[in-house]
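Spelled out from the first residue to the last, the chains are:
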Amino acid sequence: MNSHDVDYRILGNDIQVLEVELDPNETVIAEAGAMVYMEESIAFETKMGDGSEPDQGLMGKLFSAGTRLITGESLFMTHFTHRGGYGKSRVAFSAPYPGTIIPVNLGDMPNGLIVQKDGFLAAARGTKISIHFNQRLGAGFFAGEGFILQKLTGDGKAFIHAGGTIIEKRLNNELLRVDTGCVVAFEPGIDFSIARAGGLKSMIFGGEGLLLATLRGTGRVWLQSMPVKKLIQALAPSGGNASKESGSVLGKLVGGILDE
């Protein structure tokens, strides 16, 4: 199924809003609860699945929706369609936490795009959203990040969101080490794995955690400066960022002792 050709604009700076402009009978799909406002001729319907395979049977829809539950997303998606007879109509969406909305053209990515499990915001109807398992089991067992991801494929526009500032990097058979929570998306030509942060001293006192994500290969990578977990930690009453050692094993041990 070819994706609908939607127009859009991104409003704001730190807490952005995506406004999608639809022609009659055009549809955009979005995560449940992402809608901010919609004009009068926009109708919405909650469905199982992304609608990329309209002839899919009930079992197929249940399987597709079930894979979304594995990634921690809602079982349903919301489809917004311009039901008016003429002109254009608009619907807007926002991310669940402050950050940046990134438009991507899946038509330029024949192998699709791998996205963190909570990174998808909206897309033109016809975009297929499937589950992607990282073959490196250590990504799930040791880091808790990067094992179960989403894969977006299609030929239209899709929109993902990131916390804080977004950084796009192009790797040319190179290696990049990143905080495990800072990876937003990457092209399939990139190998995602988990490595130790360094020696024992660095792991205990460095404040960078025990493990780092390792991205290796050729392709584009999108990173975020403020993952939602770091944002929650920074706002926590215990003052998770009170010292440089707060993210280290020693800092957590000391904090636990002082809290008792």
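Residues numbered from 1 in each chain as written. Predicted model: local features only at pLDDT ≥ 70, side-chain atom pairs only at ≥ 80, totals over all residues. Heavy atoms only, no water.

When its secondary structure is counted, the protein shows five helices and 17 strands. Put simply, the protein has 260 residues, and 41% of those count as buried. Taking the contacts inside the protein whose residues are at least 6 apart along the sequence as the reference set, 78% of them involve residues at least 24 apart. A total accessible area of about 13500 Å² is found for the protein, and carbon and sulfur atoms account for 54% of it. (Helix = DSSP H or I, 4+ residues; strand = E, 2+ residues; numbered from the N terminus. Buried < 20%, exposed > 50% of the residue type's maximum accessible area, 1.4 Å probe, protein only. Contact = heavy atoms within 4.5 Å. Areas by Shrake-Rupley, 256 points an atom, 1.4 Å probe, with all protein chains shown as cover.)

Strand pairing in a sheet relies on backbone hydrogen bonds. The paired strands run either parallel or antiparallel. One open sheet holds the four strands; their spatial order is β1-β2-β7-β4, and the pairing between them is antiparallel. Two strands close off the open sheet at either side, each with one partner strand: β1 (7-11) and β4 (35-38). The mean angle between the axes of side-by-side strands here comes to 20°, regardless of whether they run parallel or antiparallel. Relative to strand β2 (residues 17-22), β1 runs antiparallel, the two sharing five bridges. Looking across to β2, one finds that Asp-7 is bridged to Glu-21. (Pairing = 2+ DSSP bridges. Axes fitted to C-alpha atoms, helices over the stretch in contact; angles between N-to-C directions.)

Take the pairing of strand β6 (residues 76-82) next. The element β6 is largely enclosed, with a buried count of six among its seven residues. Across five bridges, strand β3 (residues 27-31) lies against β6 in antiparallel orientation. Pairing of Ala-30 across the sheet is with Thr-78, part of β6. As paired strands, strand β5 (residues 42-48) and β6 are joined by seven bridges and run antiparallel to one another. Its bridge partner being in β6, Thr-46 is matched across the sheet by Thr-78.

Moving on: the pattern of salt bridges. Considering all chains together, one arrives at eight salt bridges under this definition. Among the ionic pairs, Glu-21 bridges to Lys-88, the shortest N-O distance being 4.0 Å. In this pair, Glu-21 is assigned in strand β2 and Lys-88 in the loop between β6 and β7 (89-94), connecting sequence segments 67 residues apart. What makes Lys-88 partly exposed here is its relative accessible area of 39%. The partner of Glu-21 in a salt bridge is Arg-90, and the shortest N-O contact between them spans 2.9 Å. Note that Glu-21 is positioned in strand β2 and Arg-90 in strand β7, a separation of 69 residues in sequence. A relative accessible area of 25% places Arg-90 in the partly exposed class. Each of Asp-7, Glu-21, Asp-23, Glu-39, Lys-88 and Arg-90 takes part in a single network of salt bridges with overlapping partners. (Salt bridge = Lys/Arg side-chain N within 4 Å of Asp/Glu carboxyl O.)

Topologically, Ala-123 is positioned in strand β10 (residues 120-124). With 35 residues separating them along the chain, Ala-123 and Ala-158 place their C-alpha atoms 4.0 Å apart. Here Ala-123 is in contact with Val-28, Ile-29, Lys-157, Ala-158 and Phe-159, once residues within four sequence places are set aside.

This part takes up the sheet that holds β6. In space, the six strands of this open sheet follow the order β5-β6-β3-β10-β13-β8, with antiparallel pairing throughout. Edge strands, defined here as strands with exactly one partner in the open sheet, are β5 and β8 (99-105). This sheet shows a mean twist of 20° between the axes of neighbouring strands, independent of strand direction. Bridging between β10 and strand β13 (residues 157-163) involves three bridges; their strand directions are antiparallel.

With respect to the element layout, Phe-186 can be found in strand β15 (residues 183-186). Placed 70 residues apart in sequence, Phe-186 and Gln-116 show a C-alpha to C-alpha distance of 9.0 Å. In this structure Phe-186 touches Leu-113, Ile-114, Leu-149, Phe-192, Arg-220, Val-221 and Trp-222, once residues within four positions along its chain are discounted.

A few words on the confidence of the model for the protein. Averaged over every residue, the pLDDT of the protein is 77; residues scoring 70 or more account for 68%. The model gives residues 137-144 a pLDDT under 50, and that stretch makes 17 contacts with residues more than four places away or in other chains. In this model, residues 242-260 is a region of pLDDT below 50 whose contacts with residues beyond four sequence positions or in other chains number 18 contacts. (pLDDT = per-residue confidence, 0-100.)

Applying the stated criterion across every chain yields a total of four aromatic pairs. Both rings, one in Tyr-8 and one in Phe-159, keep their centres 5.0 Å apart while their planes meet at 70°; by these two values the pair is edge-to-face. Of the two residues, Tyr-8 is situated in strand β1 and Phe-159 in strand β13; the sequence distance between them amounts to 151 residues. For Phe-159, a relative accessible area of 0% puts it in the buried group. An angle of 70° between the planes, with centres 5.3 Å apart, marks the rings of Phe-80 and Phe-93 as edge-to-face. Of the two residues, Phe-80 is situated in strand β6 and Phe-93 in strand β7; the sequence distance between them amounts to 13 residues. The exposure classification of Phe-80 matches that of Phe-93, with both residues buried. (Phe/Tyr/Trp six-rings, centres within 6.5 Å; stacked < 30°, edge-to-face > 60°.)

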